[in-house]
Amino acid sequence: MTLSIFTEQYAKFRELLIEYRQRISFTQAQLAQALNRPQSFVSKYESGERRLDIIEFLEIAEVLQFDPCELLKRVNDDTLATQTIMDEWEVTANELTILLAENPSLRGMLLGYVAELKLRKIIANFPGVKYMKKFDDHDRKKKGDLHIIYHHRAFSIESKSLQKTQSKWDKESQIWFGKAQVDASDNREIILPNGRKLKTTLLIRGEFDILAVNCYGFNKTWNFQFARNSDLPCSSYKKYTEEERNFLISSLIPVSWPPQPPFYSDLTELLDQMLADGEGYDPSEFGLEQEI
């Protein structure tokens, strides 16, 4: 198959190369380093400024771990190339918007997944981030929505959203105030550090490293703020004993924009501080090193 750089087919070819790079959370710089080439090599072929030859294409496929035949098949598959989930379900963007407006719980769930996608894209471009992985939602041995390797130390990040009804704008101080909904989606049995078993939806102190709160609900902008797990407030729920509350994180945590302590707007600033304090864990603990 001949792919002219100016054809619709070649444009689709470039889009798929970008998709496969982003699928494994590689930045252009990371891919270029793995190929032993300058970043401009990746940026130029992704933008269409230069054309790849077959050997270069196969080298990229090997680094990004995809089947080159599969990509070429997708280039020729017009249905797969153009069909969206709305096409498949035969709904319009307006109908989907109305559906989400009529079902707040569905909107909230979808917003959470979109926020996680936005967060992954932001983190993938951070200098020093070598690797990022999302574990299966049902793999309870691996806490946190995302695991990253930052300067040779691993950190788990739990992604949460604002509670919409709690958000308000203070005109005098020019600050948004609200509360983040920080709990599990189900009531499950947990084991506290003292060995006691407990059924709760609350998250445990220390079961992840960093809380990421998306602040889209404040001003319709994809801003995030970040805090150490250890700096988050304990639960005050009277159902639990004082000892139990000390192990449990509050389900509603006050947040603001711009962020106020213990939250940071810059994740790298928080990560650098945590590294300086000796935090993070050995990547091999969850087999992350073998997957890089």
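Residues numbered from 1 in each chain as written. Predicted model: local features only at pLDDT ≥ 70, side-chain atom pairs only at ≥ 80, totals over all residues. Heavy atoms only, no water.

**A short note on a nonpolar patch on the surface**
Here's step 1: Where nonpolar side chains cluster on the molecular surface, the patch consists of Leu99, Leu106, Met109 and Tyr113 and spans about 370 Å² of accessible area.
Here's step 2: Residue position: tyrosine 113 is located in helix H9 (residues 104-124). (Patch = residues over 30% accessible without salt bridge, like charges linked within 9 Å, V, L, I, M, F, W, Y side chains within 5 Å. Areas by Shrake-Rupley, 256 points an atom, 1.4 Å probe, with all protein chains shown as cover. Salt bridge = Lys/Arg side-chain N within 4 Å of Asp/Glu carboxyl O. Helix = DSSP H or I, 4+ residues; strand = E, 2+ residues; numbered from the N terminus.)

**Observations concerning the nonpolar core**
One recurring pattern in soluble globular proteins: nonpolar side chains tend to sit buried together.
Here's step 1: Formed by 20 residues in total, the largest nonpolar core has its most connected members in Leu119, Ile123, Ile148, Ile157, Ile210, Phe226 and Leu267.
Here's step 2: Those elements that place two or more of their residues in this core are H9, strand E1 (129-133), strand E2 (146-150), strand E3 (153-162), strand E8 (210-214), strand E9 (224-228) and helix H12 (267-276).
Here's step 3: What leucine 267 contacts, discounting residues up to four positions off in sequence, is Ile123, Phe126, Ile157, Ile210 and Phe226. (Core = buried A, V, L, I, M, F, W, Y, C linked by side-chain atoms within 4.5 Å. Buried < 20%, exposed > 50% of the residue type's maximum accessible area, 1.4 Å probe, protein only. Contact = heavy atoms within 4.5 Å.)

**Thoughts on the confidence of the model for the protein chain**
Here's step 1: Mean pLDDT for the protein chain: 85, with 90% of residues reaching 70 or above.
Here's step 2: Taking the mean pLDDT of every element in the protein chain, the minimum, 51, falls on helix H6 (residues 78-82) and the maximum, 96, on E9. (pLDDT = per-residue confidence, 0-100.)

**Regarding the environment of isoleucine 18**
Here's step 1: Within the element layout of this structure, isoleucine 18 appears in helix H1 (residues 8-23).
Here's step 2: A relative accessible area of 23% means that isoleucine 18 is categorised as partly exposed.
Here's step 3: When the C-alpha atoms of isoleucine 18 and glutamate 46 are compared, they prove to be 6.6 Å apart, with 28 residues separating the residues in sequence.

**Points about unusual backbone geometry**
Here's step 1: Cis geometry is adopted by the peptide bond preceding proline 258, which originates at tryptophan 257 and carries an omega value of 5°.
Here's step 2: By the element assignment, proline 258 lies in the loop between strand E10 (252-257) and H12.
Here's step 3: In this chain, proline 261 is followed by proline 262 through a cis amide linkage whose omega measures 15°.
Here's step 4: Inspection of the secondary structure assignment puts proline 262 in the loop between E10 and H12.
Here's step 5: Of note, the phi angle at asparagine 36 is positive, near 60°, even though the residue is not glycine.
Here's step 6: Assignment of secondary structure puts asparagine 36 in the loop between helix H2 (28-35) and helix H3 (39-47).
Here's step 7: On the basis of relative accessible area, asparagine 36 is assigned to the exposed category, the value being 71%.
Here's step 8: We note that lysine 220 has phi near 60°; this positive angle belongs to a residue other than glycine.
Here's step 9: Inspection of the secondary structure puts lysine 220 in the loop between helix H10 (216-219) and E9.

**So, the environment of leucine 248**
Here's step 1: With respect to the helices and strands, the residue leucine 248 is situated in the loop between helix H11 (242-247) and E10.
Here's step 2: According to the relative accessible area criterion, leucine 248 is buried, its value standing at 0%.
Here's step 3: Taking the C-alpha atoms as reference points, leucine 248 and serine 235, separated by 13 residues in sequence, lie 5.6 Å from one another.
Here's step 4: Excluding residues that lie within four positions of it along the chain, leucine 248 makes contacts with Ile190, Leu192, Leu198, Thr200, Leu202, Leu203, Pro233, Cys234, Ser235 and Tyr240.

**Focus: the packing of aromatic side chains**
Here's step 1: Counting across every chain of the model gives 10 aromatic pairs.
Here's step 2: Relative to phenylalanine 13, the ring of tyrosine 10 lies with its centre 5.2 Å away and its plane at 50°, an arrangement referred to as tilted. Of this pair, tyrosine 10 and phenylalanine 13 both sit in helix H1, separated by 3 residues, roughly a single helical turn. Taken as a pair, tyrosine 10 and phenylalanine 13 share a single burial class, namely buried.
Here's step 3: An angle of 70° between the planes, with centres 5.5 Å apart, marks the rings of phenylalanine 41 and tyrosine 45 as edge-to-face. (Phe/Tyr/Trp six-rings, centres within 6.5 Å; stacked < 30°, edge-to-face > 60°.)

**A closer look at the packing of helix H8 (residues 93-102) against H9**
Here's step 1: H9 packs onto H8 with a crossing angle of 110° between their chain directions and a minimal axis gap of 5 Å. As far as their axial angle goes, H9 and H8 are roughly perpendicular. Across the interface between the two elements, Leu99, Leu100, Ala101 and Glu102 from H8 touch Pro104, Leu106, Arg107 and Leu110 from H9.
Here's step 2: Looking at the contact of H8 with H9, its residues break down into 6 nonpolar, no polar and 2 charged. (Axes fitted to C-alpha atoms, helices over the stretch in contact; angles between N-to-C directions. Parallel < 35°, antiparallel > 145°, perpendicular 65-115°, else oblique. Nonpolar A, V, L, I, M, F, W, Y, C, P; charged D, E, K, R; others polar.)

**Describing the pattern of salt bridges**
Here's step 1: For the structure shown, the criterion picks out 14 salt bridges.
Here's step 2: With a shortest N-O distance of 3.2 Å, arginine 23 and glutamate 19 are connected by a salt bridge. Remark: glutamate 19 and arginine 23 occur in helix H1; sequence separation between them is 4 residues, near one turn of the helix.
Here's step 3: Several salt bridges share partner residues, and in doing so they unite Arg228, Asp231, Asp277 and Glu279 into one network.

**Details of helix H4 (residues 54-64)**
Here's step 1: All buried positions along H4 are accounted for by Glu56, Phe57, Ile60, Ala61 and Leu64. Here the buried residues of H4 occupy an arc of 140° about the axis, which is enough to place them on one side. The outward face of H4, more than 90 degrees from its buried face, is lined by the exposed residues Ile54, Ile55 and Glu62.
Here's step 2: Tucked into the core, H4 has its buried residues touching H1, H2, H3 and helix H5 (68-76).
Here's step 3: Of the residues that open H4, the one with a side-chain oxygen 3.1 Å from the backbone nitrogen of isoleucine 55 is aspartate 53.
Here's step 4: At the exit of H4 stands glutamine 65, carrying a positive phi of roughly 60°. (Arc of directions from axis to C-beta. Polar contact = N/O pair within 3.5 Å; in protein donor to acceptor, adjacent residues only side chain to side chain.)

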